[in-house]
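# Overview (structure and organization)
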Amino acid sequence: MSVATLQRAIPLGFFGGGRASRVVERNVVAYRRNWVIVASGALEPLFFLLSAQVGLGVLVGTVAGPGGRPIDYVTFVAPAFLASSAMNGVTFDTTFNFYFKLRYAKTFDTMVATPLSVRDVAFGELGWALIRCGIQSVLFLVVMAAMGLFESWWSVLLLPAALLIGFCFGGLGLAVTTHVRSWVDFDKIQLAIMPMFLFSATFFPLEQYGEGWRWVVRATPLYHGVALLRGLTLGDVGWSMLGHVLYLAILGTAGMAYASRHLRRILLH
């Protein structure tokens, strides 16, 4: 895959005028013989989805959907697993992989010695993470379609919505990783990721939580991603969806702005 192919698939402006696409191209070359690794990130949520259909879904049966309408449990959890897949895939690339390139391989020190700017590096790494996120999301959506889990034509927006979730967590991941000093610090990141996966209305409706916990759940970015994808899947679309979109977009933009600024201090000290 060449950078020209990537630029046709993704708007050139996203790469900061095109120079950040060189960072994306570097990652494409590095993974060109390991595309199985790129796609393997979709396996974990797929296993969760299949287990929900043949295991937990049989025990639970149905849950309350929009307007109290009962829906199959697997239909309820599938959008949440897609959101979790987007979160986990992007977070891995913008934390573990990014940290190795920054602190050990010194990849970015070499890059900024060329005409590439620190901003190009940051957006190039995010762009590559979103490409991987897109590949994993497409594979997941294919399985959802095969299982007949789409209940609304709004489902056509699931892929861009998943990429928005990836953008949010990608920006946050880069911002946090610029402060990581050792591999031990990644335990703290996992300490934030795992509770979000378990308690962002992933497995049960928000109404099942106590009133106080609902406010905590609503403050997490994954909840907004889950609510957005679930609404699109079930056709429960209203003005509240705009709030989810704005929350994810603003958080991702703030993360990228901070990451670019702090990365500049690290690389150009």
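Heads up: the structure comes first, above all this text.
Scope of this entry: the structure provided in the associated data block.

Procedures and definitions
Residues numbered from 1 in each chain as written. Predicted model: local features only at pLDDT ≥ 70, side-chain atom pairs only at ≥ 80, totals over all residues. Heavy atoms only, no water. Phe/Tyr/Trp six-rings, centres within 6.5 Å; stacked < 30°, edge-to-face > 60°. Helix = DSSP H or I, 4+ residues; strand = E, 2+ residues; numbered from the N terminus. Buried < 20%, exposed > 50% of the residue type's maximum accessible area, 1.4 Å probe, protein only. Expected span 1.5 Å × (residues − 1). Salt bridge = Lys/Arg side-chain N within 4 Å of Asp/Glu carboxyl O.

### A look at the packing of aromatic side chains
Evaluated as defined, the whole model comprises 14 aromatic pairs. On the numbers, 5.5 Å between centres and 35 degrees between planes, the contact of F92 with F96 is tilted. Residue F92 and its partner F96 are located together in helix α5 (residues 73-104), separated by 4 residues, close to a single helical turn. By relative accessible area, which is 41% here, F92 ends up partly exposed.

### Concerning the side chain of N27
Mapped onto the fold, N27 is located in helix α2 (residues 21-31). With a relative accessible area of 0%, N27 lands in the buried category.

### With respect to helix α7 (residues 118-146)
Counted at 1.5 Å a residue, the expected span for α7 with its 29 residues is 42 Å, and the 42 Å between its end C-alpha atoms agrees. Count one or two residues on from α7 and you reach G148, which has phi positive near 70 degrees.

### Quick word on the pattern of salt bridges
In total, this model carries 6 salt bridges according to the counting rule given. Of the charged contacts, one joins E125 and K101 as a salt bridge, the two residues approaching to 3.0 Å between their closest N and O atoms. Note that E125 is positioned in helix α7 and K101 in helix α5, a separation of 24 residues in sequence. Residues E125 and K101 agree in their burial class; the two are buried. The salt bridge involving K188 is made with D185; its shortest N-O contact spans 3.9 Å.

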